[in-house]
Amino acid sequence: MTTHREPLSSVLDTIGRTPLVAVHAAPEEVPVYAKLESFNPGASVKDRIGKYMLERMLEAGTLRPGGTVIEPTAGNTGIGIAVAAGRLGLDAVFVVPERFSVEKQQLMRALGAEVINTPTEDGMGGAIDRAHELAEELDDAVVPQQFSNPLNTEAHYATTGPEVYEALDGEVGAVVAGCGTAGTLMGVARYGRERHPDTHVVAVEPEGSLYATVLGRDVEEEEYKTEGIGTHDPATNELFEPDLVDEVVQVSDRRTHAEVQRLAREEGQLVASSAAANSVAAREVARRIRDGAIDAPHDTVVTVFPDSSERYLSKGIYGSFDEWEG
Ligand code: PMP
């Protein structure tokens with residue numbers, strides 16, 4: 001973990017091998033560990049797929065040297081792809097729904113990428129459609145499409161999963177992670193289920209999101225403030241594999257917001273809303289394992305803290321619940 005002790009020739013070599021740190025508010029009998037993904041050079045979990053998808057696509061010839069990558073993204077994936085694209089000699093264009101944080105868009109531009117905004121009300125679907133239109137207008141342009149590209153899941157199967165299992169000597173009882181594209185959870189879950197078929201897998205989403213409907217639950221659709229996870233249109237989340245998921249846990253924006261502030265105050269963790277939702281859900285799963293309500297192969301729960309709160313200061317993440325814009 002963060003075992004970079006020698007000089008490295010590229011920031012791409014610093015991606016992954018992030019620390020795995022205990023969440024102290026977990027039950028003593030069932031510890032919870034979180035992978036701190038803000039340690040990546042673009043400061044989020046998405047650096048992993050930026051590097052992995054572009055390198056594999058260049059190898060396979062689906063992306064040509066000097067070509068352009070166009071991606072619909074809420075932000076972190078844009079930063080991750082921009083970090084990798086620049087190093088690999090590729091141009092990058094991102095299509096971002098307006099509501100997402102300005103910090104992320106500034107960082108994508110700083111990394112040399114072009115950012116195009118689509119109306120908030122058109123959702124991620126609108127951004128996806130615009131990205132494909134743009135790709136048709138340009139020569140040598142490719143849309144990696146994190147929402148449907150199996151390389152997204154594969155990146156986590158190849159890196160995040162093995163890192164977690166190595167750090168815990170394979171003793172993982174449950175994997176709990178918020179789903180945006182679901183690549184993180186699917187990759188780690190697939191790796192875990194191969195190690196132990198009874199590994200308990202939990203998808204996390206904000207209340208108001210609709211992943212739960214994929215597992216047959218009747219939940220109400222609402223807007224939510226938690227950023228980076230959840231879906232209003234599960235048909236666009238093609239990587240989500242229901243067979244790999246035991247349950248979907250929904251966390252309200254209010255609980256998530258309180259946990260963002262608790263994690264900073266009590267644990268020194270400057271993490272954002274999706275990390276806090278993961279923390280709430282992972283602690284709940286740990287309590288249920290302790291109480292015998294979940295039969296997990298080991299008494300350990302693993303989750304992910306995808307990015308840092310610093311990226312959301314302008315949205316009032318450390319203000320009152322009403323001040324938080326989400
Ligand atoms: N948290 C944040 C802040 C994110 O940007 C994302 C990616 N949308 C996620 C969590 C979820 O990751 P994944 O897409 O792998 O499900």
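Residues numbered from 1 in each chain as written. Predicted model: local features only at pLDDT ≥ 70, side-chain atom pairs only at ≥ 80, totals over all residues. Heavy atoms only, no water.

Draft legend 1. Highlighting the sheet that holds strand S6 (residues 141–142). As summarised here, the arrangement of the four strands in space is S5-S4-S3-S6, forming an open sheet in which the pairing is parallel. Looking at which strands have only one partner, the edges of the open sheet turn out to be strand S5 (114–118) and S6. Relative to S6, strand S3 (residues 68–72) runs parallel, the two being bridged by two bridges. Pairing of threonine 68 across the sheet is with alanine 141, part of S6. Of the strands in this sheet, S3 and strand S4 (91–97) are in contact with helix H2 (residues 76–87), which crosses S4 at around 175°. (Pairing = 2+ DSSP bridges. Helix = DSSP H or I, 4+ residues; strand = E, 2+ residues; numbered from the N terminus. Contact = heavy atoms within 4.5 Å. Axes fitted to C-alpha atoms, helices over the stretch in contact; angles between N-to-C directions.)

Draft legend 2. Spatial organisation of helix H8 (residues 253–267). Its 15 residues give H8 an end-to-end C-alpha distance of 20 Å, which sits within 8% of 21 Å, the value for a rise of 1.5 Å per residue. Asp253, Thr256, His257, Glu259, Val260, Arg262, Leu263 and Glu267 are the residues of H8 that are buried. In this structure, the buried side of H8 is in contact with strand S1 (20–23), strand S8 (200–206), strand S9 (247–251), helix H9 (273–290) and strand S10 (301–305). In the stretch just after H8, glycine 268 is the one whose phi turns positive, near 65°. (Expected span 1.5 Å × (residues − 1). Buried < 20%, exposed > 50% of the residue type's maximum accessible area, 1.4 Å probe, protein only.)

Draft legend 3. Region of interest: unusual backbone geometry. Although it is not a glycine, alanine 43 sits at a positive phi angle of roughly 65°. Assignment of secondary structure puts alanine 43 in the loop between strand S2 (32–36) and helix H1 (47–60). The backbone of aspartate 169 sits at a positive phi, close to 50°, despite the residue not being glycine. Structurally, the position occupied by aspartate 169 is in the loop between helix H5 (150–167) and strand S7 (174–178). Looking at aspartate 169, the relative accessible area reads 67%, which means it is exposed.

Draft legend 4. A look at the layout of surface pockets. In this model, the largest pocket occupies a volume close to 820 Å³. Taken together, 43 residues make up the lining of the largest pocket; nearest its centre are Phe100, Met124, Gly228, Ile229 and Gly230. Counting only elements with at least two residues in the lining of the largest pocket, the list comes to H2, helix H4 (123–137), S7, helix H6 (183–195) and H9. Here the lining of the largest pocket takes three residues from H4, the largest share from any one element. Split into classes, the residues belonging to the lining of the largest pocket amount to 14 nonpolar, 21 polar and eight charged. (1 Å grid on protein atoms, 1.4 Å probe; cavity = no way out; pocket = protein on both sides within 12 Å on 5 of 7 lines; lining within 4 Å. Points joined across faces, edges and corners; volume = space filled by probe spheres on them. Nonpolar A, V, L, I, M, F, W, Y, C, P; charged D, E, K, R; others polar.)

Draft legend 5. Structural context of the side chain of arginine 311. Summarising the element assignment, arginine 311 is placed in the segment after S10. Despite its burial, arginine 311 remains without a salt bridge, the nearest opposite charge being carried by aspartate 307 at 5.0 Å. When residues no more than four places from it in sequence are discounted, the contact partners of arginine 311 are Gly42, Ala43, Ser44, Asn76, Ile79, Ser101, Glu103, Lys104 and Leu107. (Lys, Arg positive; Asp, Glu negative; His and termini not counted. Salt bridge = Lys/Arg side-chain N within 4 Å of Asp/Glu carboxyl O.)

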